[in-house]
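# Structural overview for review
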Amino acid sequence: MVEITTTKHISTPLFCVHRTTTLSGLDIVRRHGIPVTAPHRTVIDLCAVVPPRLVEESLDILLVRGQTEVDFLWRQLNRIGSVGRCGTARLR
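Note that this is a predicted model, so its numbers are computed, not measured.

### Here's the deal with the pattern of salt bridges
Using the criterion set out here, one finds five salt bridges in the structure. Of the charged contacts, one joins Asp27 and Arg41 as a salt bridge, the two residues approaching to 3.1 Å between their closest N and O atoms. With Asp27 in the loop between strand E2 (15-19) and strand E3 (28-31) and Arg41 in helix H1 (residues 39-46), the pair connects residues that are 14 residues apart, well separated along the chain. Take Asp27 and Arg41: they sit in the same class, and that class is buried. A salt bridge links Arg79 to Asp27, with the nearest nitrogen and oxygen atoms 2.4 Å apart.

Written as structure tokens, this is what we have:
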């Protein structure tokens with residue numbers, strides 16, 4: 001199933017929709033012209049919906065490929081990962 005993250009209220013059986021109020025321009029990149037979440041945002045969002053082992057594997061891949069850096073991820077986690085946000089405590 002395709003999952004999307006948006007700031008808008010969308011309801012559709014075609015996608016699993018995650019609504020957020022913290023999606024900034026820093027969190028969005030384009031791949032083949034399609035806006036998608038940036039690697040750091042994807043890892044932070046994954047924490048809420050997949051087992052910790054999958055988050056760890058995903059983060060390892062992003063770090064090896066140079067798609068994010070630990071210091072940058074920490075800064076973004078501090079910006080996005082508020083108290084009560086699912087999964088962010090696990091990532092910390």
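### Section: the side chain of Gln76
Looking at the element boundaries, Gln76 is found in helix H3 (residues 70-80). A distance of 2.6 Å separates a polar atom in the side chain of Gln76 from a polar atom in the side chain of Arg79.

### Some remarks on the layout of surface pockets
Estimates place the volume of the largest pocket at around 650 Å³. Contributing to the lining of the largest pocket are 22 residues, with Ile4, Thr5, His18, Thr37 and Asp45 lying nearest its centre. For the lining of the largest pocket, the secondary-structure elements that each account for two or more residues are strand E1 (2-6), E2, strand E4 (34-37) and H1. Examining the composition of the lining of the largest pocket, we find that five residues originate from one element, H1, more than from any other. When its residues are assigned to classes, the lining of the largest pocket shows 11 nonpolar, six polar and five charged.

### Quick look at unusual backbone geometry
For His32, which is not glycine, the phi dihedral falls at a positive 55 degrees. With respect to the helices, strands and loops of the structure, His32 is situated in the loop between E3 and E4. On the basis of relative accessibility, which here comes to 83%, the residue His32 falls in the exposed class.

Quick notes on the rules
Residues numbered from 1 in each chain as written. Predicted model: local features only at pLDDT ≥ 70, side-chain atom pairs only at ≥ 80, totals over all residues. Heavy atoms only, no water. Salt bridge = Lys/Arg side-chain N within 4 Å of Asp/Glu carboxyl O. Helix = DSSP H or I, 4+ residues; strand = E, 2+ residues; numbered from the N terminus. Buried < 20%, exposed > 50% of the residue type's maximum accessible area, 1.4 Å probe, protein only. Polar contact = N/O pair within 3.5 Å; in protein donor to acceptor, adjacent residues only side chain to side chain. 1 Å grid on protein atoms, 1.4 Å probe; cavity = no way out; pocket = protein on both sides within 12 Å on 5 of 7 lines; lining within 4 Å. Points joined across faces, edges and corners; volume = space filled by probe spheres on them. Nonpolar A, V, L, I, M, F, W, Y, C, P; charged D, E, K, R; others polar.

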